[in-house]
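Spelled out, the chains give:
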Amino acid sequence: MIIGVTGGIASGKSTVARAFAALGIPWVDADEVAREIVAPGEPALAEIAEHFGEGVIAPDGSLDRRALREIVFGDAAERRRLEAITHPRIRERLIAHLARLQAQAAPYVLLVSPLLFESGQQALVDRCLVVDVPEAVQVARTAARDDVDEAQARAIVAAQMSRQERLDRADDVIDNSADEETLAPRVAELDRRYRAAGLPPSA
Ligand SMILES: CC(C)(COP(=O)(O)OP(=O)(O)OC[C@H]1O[C@@H](n2cnc3c(N)ncnc32)[C@H](O)[C@@H]1O)[C@@H](O)C(=O)NCCC(=O)NCCS
Ligand SMILES: Nc1ncnc2c1ncn2[C@@H]1O[C@H](COP(=O)(O)OP(=O)(O)OP(=O)(O)O)[C@@H](O)[C@H]1O
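Residues numbered from 1 in each chain as written. Chains lettered and ligands numbered in written order. Predicted model: local features only at pLDDT ≥ 70, side-chain atom pairs only at ≥ 80, totals over all residues. Heavy atoms only, no water.

- Per an unreviewed UniProt entry, the protein chain is named Dephospho-CoA kinase, and its organism is Halomonas aestuarii.
- In its Function (unreviewed entry) section, the UniProt entry covering the protein chain states "Catalyzes the phosphorylation of the 3'-hydroxyl group of dephosphocoenzyme A to form coenzyme A."
- Its UniProt record gives the protein chain a comment under Sequence similarities (unreviewed entry), which states: "Belongs to the CoaE family." (UniProt positions renumbered as here; feature names shortened; annotations may be inferred.)

## Describing the UniProt feature "binding site: ATP" (unreviewed entry) in the protein chain
Part 1 of the argument: What UniProt calls "binding site: ATP" (unreviewed entry) maps, in this numbering, to Ala 10, Ser 11, Gly 12, Lys 13, Ser 14 and Thr 15.
Part 2 of the argument: Topologically, Lys 13 is positioned in helix α1 (residues 13–21).
Part 3 of the argument: Contacts of Lys 13, omitting those with residues within four sequence positions, involve Val 5, Thr 6, Gly 7, Gly 8, Val 112, Ser 113, Pro 114 and Val 131.
Part 4 of the argument: On the secondary structure map, Thr 15 appears in helix α1.
Part 5 of the argument: Residues in contact with Thr 15, not counting those within four places in the same chain, are Glu 180 and Leu 183. (Helix = DSSP H or I, 4+ residues; strand = E, 2+ residues; numbered from the N terminus. Contact = heavy atoms within 4.5 Å.)

## Digging into the domain arrangement of the protein chain
Part 1 of the argument: One can read the domain layout of the protein chain as domain 1 (1–21 + 130–194) and domain 2 (27–105).
Part 2 of the argument: Relative to domain 2, the C-alpha centre of domain 1 lies at a distance of 22 Å.
Part 3 of the argument: Contacts between the two partners involve 12 residues from domain 1, matched on the other side by 9 residues from domain 2.
Part 4 of the argument: In total, about 880 Å² of surface goes out of reach between domain 1 and domain 2, with carbon and sulfur atoms giving 58% of it.
Part 5 of the argument: By the criterion of area lost to domain 2, the three top residues of domain 1 are Ile 2, Gln 152 and Ala 159, representing 43% of everything that side buries.
Part 6 of the argument: Across the salt bridge formed by Arg 66 and Asp 147, the nearest N and O atoms sit 2.3 Å from each other.
Part 7 of the argument: Counting across the domain 1 and domain 2 interface gives 2 residue pairs in polar contact (both at pLDDT 80 or more). (Domains from an automatic or database assignment. Buried area = accessible area lost by both parts, 1.4 Å probe. Salt bridge = Lys/Arg side-chain N within 4 Å of Asp/Glu carboxyl O. Polar contact = N/O pair within 3.5 Å; in protein donor to acceptor, adjacent residues only side chain to side chain.)

## Observations regarding the site of ligand 2
Part 1 of the argument: The environment of ligand 2 is formed by 15 residues, the closest being Lys 13, Ser 14, Thr 15, Arg 145 and Ala 178.
Part 2 of the argument: A distance of 2.7 Å separates an oxygen atom of ligand 2 from a polar side-chain atom of Ser 14.
Part 3 of the argument: One of the backbone N or O atoms of Ala 178 is found 2.7 Å from a nitrogen atom in ligand 2.
Part 4 of the argument: Within the complex, the protein chains bury 77% of what would otherwise be the 640 Å² of accessible surface of ligand 2.
Part 5 of the argument: Of all the secondary-structure elements, those providing two or more residues to the shell around ligand 2 are α1 and α6 (135–145).
Part 6 of the argument: Counting residues per element, the shell around ligand 2 draws most heavily on α1, which supplies 3 residues. (Near = heavy atom within 4 Å. Areas by Shrake-Rupley, 256 points an atom, 1.4 Å probe, with all protein chains shown as cover.)

So, in C-alpha cells, the structure goes:
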C-alpha cells in the first residue's frame, strides 16, 4: 500500500514523514526528486535555461532556485511552463523510487508531495493523508524557515490548492497546528490503521 502525504508549503509533511520513519516506514519526497531532475547535466536544466534564460543559472552551472522562484510564483503561465518541463520527469522518477521502496518488506510506504492532487500524483497512491494547518501558520512557518518574506510566502500558498479543496479530497487528515509532541500519537494511530489495512483479507 502507498500512502500519499500532502499539504501546502510548510504544513509539516517532512515532519510527519519523519515521525512515520521512526516507526519503520520508508518514504520518497517529491521535492527531493524535483531537485534531482534539475541537477547540472540533466536535460530538464537545459530546457529551463532555454526557456527562462541564463539569468536562472548560477555561475557554477547549477539552477539559481531563488531567481526561478521569483519568476514562477509571480506569473502563473511561467509556473505552468516550468511544471510542463519538470512534472513528467518527477513522475517518472517517483514511480521508479516507489517500486524500489515497495520491494522492501515494509508494511506500507509513503509518497510525500506538496502537489499530490495538483499534478495527478494521486493516481500513484492508494490513500491520501493531508497534513492540515491554517494558511496563516503556513505563511509564518515558511517565512521563519526559508529565505522568503511573508509576501512571497503568501504568493506560494496562493499558487497551491486551497486548504478546503485539499481537505475535500483527503482520505485521512492530520492536524499539525499544535506542537510536534502532539503529532507523535496522531501518527502512531494512523500507523496502526494503515498496518491493519495492509493485512491480507484472511488475516
Ligand atoms: C520554483 C523552484 C525552483 C523554487 O525552489 P526552492 O528551492 O525555493 O523551493 P523548493 O523546491 O524547496 O519548494 C518549496 C515549496 O514550494 C512549493 N512549490 C514548488 N513548486 C511549486 C509549484 N510548481 N506550484 C506550487 N507550489 C510549488 C512546494 O510547497 C514546495 O514544497 C522549485 O520549487 C521548482 O523547481 N518547482 C517546480 C517543480 C515542482 O513542481 N516541485 C514540487 C514537487 S512536485
Ligand atoms: N507542529 C509544529 N510546530 C512548530 N513548528 C513546526 C511543526 N511542524 C513543522 N514545523 C516547522 O515548520 C517548518 C515546515 O515543516 P516541514 O518542513 O515538515 O513542512 P513541509 O510541509 O515538509 O514543507 P515544504 O513542503 O515547504 O518543504 C519547519 O521549519 C518545521 O520545523
